[in-house]
Amino acid sequence: MINWLWTIYLGLLGTASFGYLLKGKYGTTLGKIDFVVSVITWFGLLGYVKHIQWLNPLAWKVITISALLWDILFAMLLKDHQGEDLLEEFSIGKRRWLMLVTLVITLAPLYYGLFRYSFM
């Protein structure tokens, strides 16, 4: 049952990334870097779920920590959320808080799996 939940989550992550790619959301250099980071972390989670060792654990430790820092930095500071109509009535601080909560909810399972894959 747990593997099915992980597989569904992997599918959702892959679908979201592919959908963003098709819509052209990765048009900037930072967006392209974010896409590459997403694909790498997706393969790490796939390795965790399917019990496949892609790289050595040290490489995954570096990838996991770097990707986590990248996602926080990109979502909170680098990605331009100022022009979104949905968040227009919120102050910058509230927008960043909302982005942090959304980031934690959506990416917590990914980084939980990556930490287990690289540190256990």
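For the structure, check the block above.
Everything in this summary refers to the structure shown in the same document.

The rules we used
- Within each chain, residues carry numbers counting from 1 in the order of the written sequence.
- pLDDT decides what is reported in this predicted model: residues at 70 or higher carry local features, side-chain atom pairs at 80 or more are listed and counted, and totals for whole chains, interfaces and linings draw on all residues regardless.
- Only hydrogens and water are set aside; all other atoms, that is, all heavy atoms of the structure, feed into the side-chain values.
- The helix and strand labels rest on DSSP assignments: H or I over at least four residues marks a helix, E over at least two residues marks a strand, and numbering proceeds from the N terminus.
- For Phe, Tyr and Trp, where Trp contributes only its six-membered ring, two rings pair if their centres lie within 6.5 Å, and the inter-plane angle classes them as stacked under 30 degrees, edge-to-face over 60, or tilted in between.
- Throughout this description, buried means an accessible area under 20% of the type-specific maximum (1.4 Å probe, protein chains only), exposed means over 50%, and partly exposed covers the range between.
- In what follows, a contact means two residues having at least one pair of non-hydrogen atoms within 4.5 Å.

Focus: unusual backbone geometry
Even without being glycine, His 51 reaches a positive phi, approximately 60 degrees. Mapped onto the elements of the fold, His 51 is located in the loop between helix H2 (29-50) and helix H3 (57-78).

Some thoughts on the packing of aromatic side chains
Following the criterion strictly, the structure yields eight aromatic pairs and no others. On the basis of an interplanar angle of 85 degrees and a centroid distance of 5.5 Å, the ring pair of Trp 42 and Phe 43 is categorised as edge-to-face. Judged by relative accessible area, which is 27%, Trp 42 ranks as partly exposed. Among the aromatic residues, ring-to-ring pairing joins Trp 6, Tyr 9, Tyr 48 and Tyr 112 into one connected group.

Notes on the environment of Thr 64
Following the sequence through the fold, Thr 64 ends up in helix H3. Linking Thr 64 and Tyr 111, residues 47 residues apart in sequence, is a C-alpha distance of 7.2 Å. Contact partners of Thr 64, with chain neighbours within four places excluded, come to Tyr 111, Leu 114, Phe 115 and Ser 118.

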